[in-house]
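Single-letter residue listing:
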Amino acid sequence: MSWQAPAIWRAGILAAMLCTALSLNALAQSRQGTRVLPSDSAGLVLGRPVVDPQGAAVGHLVDLLVDGAGVPQAGVIDVGGFIGIGVRRVAVGWSLLRFVHQNQETRIVVDMPIDDVAAGPEFRHVESMEIVVRSQPP
Amino acid sequence: MKPDRGVDWLTLLIATSGSAYGAFIPVYLTSQGWTQTRIGLVLTISTIASVVCLVPAGFLVDSVGPRRRRLLTCALLGVGIAPLTLSLFPHPFPVVAAMVLQAASGAVLTPAIAALSLALVGHDALGDRLGRNARYGSIGAGLGALVMGACATWGPERVVFLIAGLLMVPALLALRAVGPDRLDPEPVHEDETVVVDRFALLRDGRLVVFGLCLALFQIASIAVVQLSSVAVTARLGAQAGMVIAAFVVVPQFVAAWLSPWIGSLARRHGRRPVLLVGFMTVPIRGLLFSLIAQPVALIPVQALEGVGGSVFGVMMPLVAADLTRRTGYYSVCLGLLGLADGIGTAISPTLAGWVADIWGRQAAFWVLTGVGVAAVALLALAMPETYRPIAQRRAQTARTA
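Only a predicted model underlies this, so the values are computations on that prediction, with no experimental measurement involved.

Criteria and thresholds
- Residues numbered from 1 in each chain as written.
- Chains lettered and ligands numbered in written order.
- Predicted model: local features only at pLDDT ≥ 70, side-chain atom pairs only at ≥ 80, totals over all residues.
- Helix = DSSP H or I, 4+ residues; strand = E, 2+ residues; numbered from the N terminus.
- Rg over C-alpha atoms; globule rule 2.2 N^0.38 Å.
- Buried ≥ 20, exposed ≤ 12 C-beta atoms within 10 Å, placed from the backbone.
- Contact = placed C-beta atoms within 7 Å.
- Nonpolar A, V, L, I, M, F, W, Y, C, P; charged D, E, K, R; others polar.
- Pairing = 2+ DSSP bridges.
- Axes fitted to C-alpha atoms, helices over the stretch in contact; angles between N-to-C directions.
- Domains from an automatic or database assignment.
- Left-handed = near helix turned anticlockwise from the far one by under 90°.
- Expected span 1.5 Å × (residues − 1).
- pLDDT = per-residue confidence, 0-100.
- Arc of directions from axis to C-beta.

Chemist: Tell me about the overall build of chain B, and name the residues and values.
Modeler: Broken down by element type, chain B carries 16 helices and zero strands. Computed over C-alpha atoms, the radius of gyration of chain B comes to 21 Å, within 12% of the 21 Å expected from 2.2 N^0.38 for 401 residues, which places it in the range of a compact globule. When burial is assessed residue by residue, chain B has 54% of its 401 residues classed as buried. A fraction of 85% describes how many contacts in chain B between residues 6 or more apart in sequence connect residues 24 or more apart.

This is how it looks when you write it as structure tokens:
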């Protein structure tokens, strides 16, 4: 009876090695379809603060409007308010937004003064899809 | 520290900590990269939790009676742990758990503080005590809004919740300073029969009328500032923050100034006149907001919200105490009124937003004003005086004896 136990162990070790090899192989295969982005070439944007060209706080980027081809059409910004009261939701044309990736952070700049963003039409999904495409003439 | 001071500090610290919630939660979760759908879900869960907890929490406070101190400690710990969790672990499960914990602890705290006040001073001095509670609650809410606003502007958003949580450490110390209950402050059986039927409260028509009045008050009141401050942002852009801050803070400081006086007025002249004056400020404010377009000119109008809020904050627990003097179940009664308050608060922005979408913002102010008039009318026509001074009660007992 004493020779059976090592045999089972051997079988067990063999099975474990096989499993490891298989999973390592699977990992290696999944790695084949990836690439590593250079740092400061891209960043997360949802929920990040938005500033105007002078650096004044405008609000937060809360969502994106994307067309059928996956190209962003506008950024949806929550503008102004005091501890959340009086916040307006305004959609700003994609061409007005600049994204600066620096020191592992993304600075979102909207190319118009905060007063003009705040005065834009209130954005409500489906019901009111008007977006701001340029600063209003004074 | 005197027992009175202990309750003052408790109400102040709880109100300061509470000012981190409400409209700021979506701002905070957005800054943590949460999607709008998920934020909406969390807010719905927390609203449901706070509605579901109100009446059972009242029942719990009533059933522990004089041993409510331990319950208060637990509730304070809950109100402290919830914002710390929000601040340190802004992930889905901890956030939902924290919001539910906050809702449950908050539902316990409000009636427990009122019951503590009643036990400390008895029915006849309760108006003055609740006036003080409202004063310190308003100071806390006003200071809290300013501190949280400063944190949110200059620091990372999570500091707001860190502070909100840490404030419960001094609150626990303040609770220790509250002395023992006054022994049997006003033995009811001395001059009146106590109703032992536990459903007597639910059959009291005055409770239904008062609850309806409170709900209408909140429907007419809550959305006014929200509606106008969104318009202020559109009009003033960068300067809007200061004006909206004034909209929020001015009423709190007016209420802090007036509340003790409201409490003593209610003792000297009865509840009805005070309630009527307080309720009348709501439609007047709605009308002024619809007439005045200049945002800065609206800041003094917000003093009216201070008057209304002060009357609401003092009279809701005071009338509840009147209604339950013979039946008991004070905290259950507060829970039911809190339900009416919560429903009104929830309906108000929805109704105003809906009307504003179809007929414009002006029409929304008119509808809110109309609801305010309805609240005053219901109060004037259907709500009887609930206060009977102790001398009057003694006289009546003497007659029946």
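Chemist: Any details on the overall build of chain A? Residues and values, ideally.
Modeler: The helix and strand tally for chain A stands at two helices and six strands. When the helices and strands of chain A are read in sequence order from the N terminus, they spell out α-β-β-β-β-β-β-α. For chain A, with 138 residues in total, the buried portion stands at 25%. Pairs at least 24 apart in sequence give 40% of the contacts found in chain A among residues at least 6 apart.

Chemist: So what's going on with the interface of chain A and chain B? Residues and values would help.
Modeler: Size of an interface, as often reported, equals the accessible area lost when the parts are brought together. Facing 21 residues of chain A, the contacting portion of chain B comprises 30 residues. Elements that contribute at least two residues to the side of chain A that touches chain B include exactly β2 (57–66), β3 (72–79) and α2 (114–118) of chain A. When its residues are assigned to classes, the side of chain A that touches chain B shows eleven nonpolar, six polar and four charged.

Chemist: Any details on the pairing of β3(A)? Residues and values, ideally.
Modeler: Residues and elements named next belong to chain A. When β2 meets β3, the two strands line up antiparallel, connected through seven bridges. Residue pairing in the sheet places L65 in a bridge with A74 of β3. Hairpin connection from β2 to β3: five residues lie between these consecutive antiparallel strands, with G70 at a positive phi of about 85°. Direction of pairing for β3 relative to strand β4 (residues 88–93): antiparallel, over a ladder of six bridges. Bridge assignment links A74 to a residue of β4, and that residue is G93.

Chemist: Tell me about the sheet that holds strand β1 (residues 49–51) of chain A, and please be specific about residues and values.
Modeler: Residue and element names in this part refer to chain A. An order of β4-β3-β2-β1-β6-β5 is seen for the six strands of this open sheet, with the pairing classed as mixed. Edge positions in the open sheet fall to β4 and β5 (97–102), since each of these has one partner strand only. Each strand of the sheet is rotated relative to its neighbour by a mean of 40°, with strand direction disregarded. Alignment of β1 against strand β6 (residues 105–110), held across two bridges, turns out to be parallel. Bridging across to β6, V50 finds its partner in I108.

Chemist: So, the domain arrangement of chain B: which residues are in play, and what are the values?
Modeler: Residues and elements named next belong to chain B. Domain boundaries in chain B define domain 1 (1–179) and domain 2 (200–391). A straight line from the C-alpha centre of domain 1 to that of domain 2 covers 21 Å. Taken together, the contact between domain 1 and domain 2 spans 33 residues of the former and 33 residues of the latter. Listing elements by their share of the side of domain 1 that touches domain 2, those giving two or more residues are α3 (36–64), α5 (92–121) and α6 (126–154).

Chemist: Give me the packing of α3(B) against α5(B): which residues, what numbers.
Modeler: All names here are of chain B. Two elements in contact, α3 and α5, have axes separated by 8 Å at closest approach and are oriented at 35°. In this structure, α3 crosses over α5, and the sense of that crossing is right-handed. Packed against α3, whose contacting residues are V42, I45, S46, A49, S50, C53, L54, A57, G58, L60 and V61, the element α5 presents V95, V96, M99, V100, A103, A104, G106, A107, V108, P111, A112 and A115 at the interface. Split into classes, the residues belonging to the contact of α3 with α5 amount to 19 nonpolar, four polar and no charged.

Chemist: Summarise helix α1 (residues 3–18) of chain B; cite the residues concerned and give the values.
Modeler: Residue and element names in this part refer to chain B. For α1, with 16 residues, the first-to-last C-alpha span of 23 Å sits near the 22 Å given by 1.5 Å per residue. In terms of burial, α1 is largely enclosed, as twelve of its 16 residues are buried. When we look at burial in α1, the residues that qualify are V7, D8, W9, L10, T11, L12, L13, I14, A15, T16, S17 and G18. Where α1 is buried, its residues contact α4 (68–88), α5, α6, α7 (158–166) and α8 (168–177).

Chemist: How would you sum up the confidence of the model for chain B? Please name residues and give values.
Modeler: Chain-level pLDDT for chain B is 90 on average; 92% of the residues reach the 70-or-more range. The ipTM value of the predicted complex is 0.81, and its pTM value is 0.87.

Chemist: Provide a residue-level description of α7(B), including the pertinent values.
Modeler: All names here are of chain B. Listed in full, the buried residues belonging to α7 are V160, F161, A164 and G165. Projection of α7 onto a plane perpendicular to its axis shows the buried side chains occupying an angular sector of 125°, all on one side. For α7, the secondary structure elements touched by its buried residues are α1, α2 (24–31), α4, α6 and α8.

Chemist: Talk me through the pairing of β2(A); I want residue IDs and the actual numbers.
Modeler: Residues in a regular strand point their side chains to alternate faces of the sheet. All names here are of chain A. The sheet contact formed by β1 and β2 spans three bridges and is antiparallel. Bridging across to β2, P49 finds its partner in H60. Counted along the chain from β1 to the antiparallel partner β2, the turn is five residues long, and its residue G55 has a positive phi close to 95°.

Chemist: Requested: an account of unusual backbone geometry, with residues and values cited.
Modeler: Phi angles above zero are rare outside glycine, and A:D40 is one such case at about 65°. Note on placement: A:D40 falls in the loop between α1 (4–32) and β1. Take A:D40: there are 13 C-beta atoms within 10 Å of it, and that puts it in the partly exposed class. Even without a glycine there, the phi angle at B:Y329 is positive, about 60°. One can find B:Y329 in the loop between α13 (303–323) and α14 (330–359).

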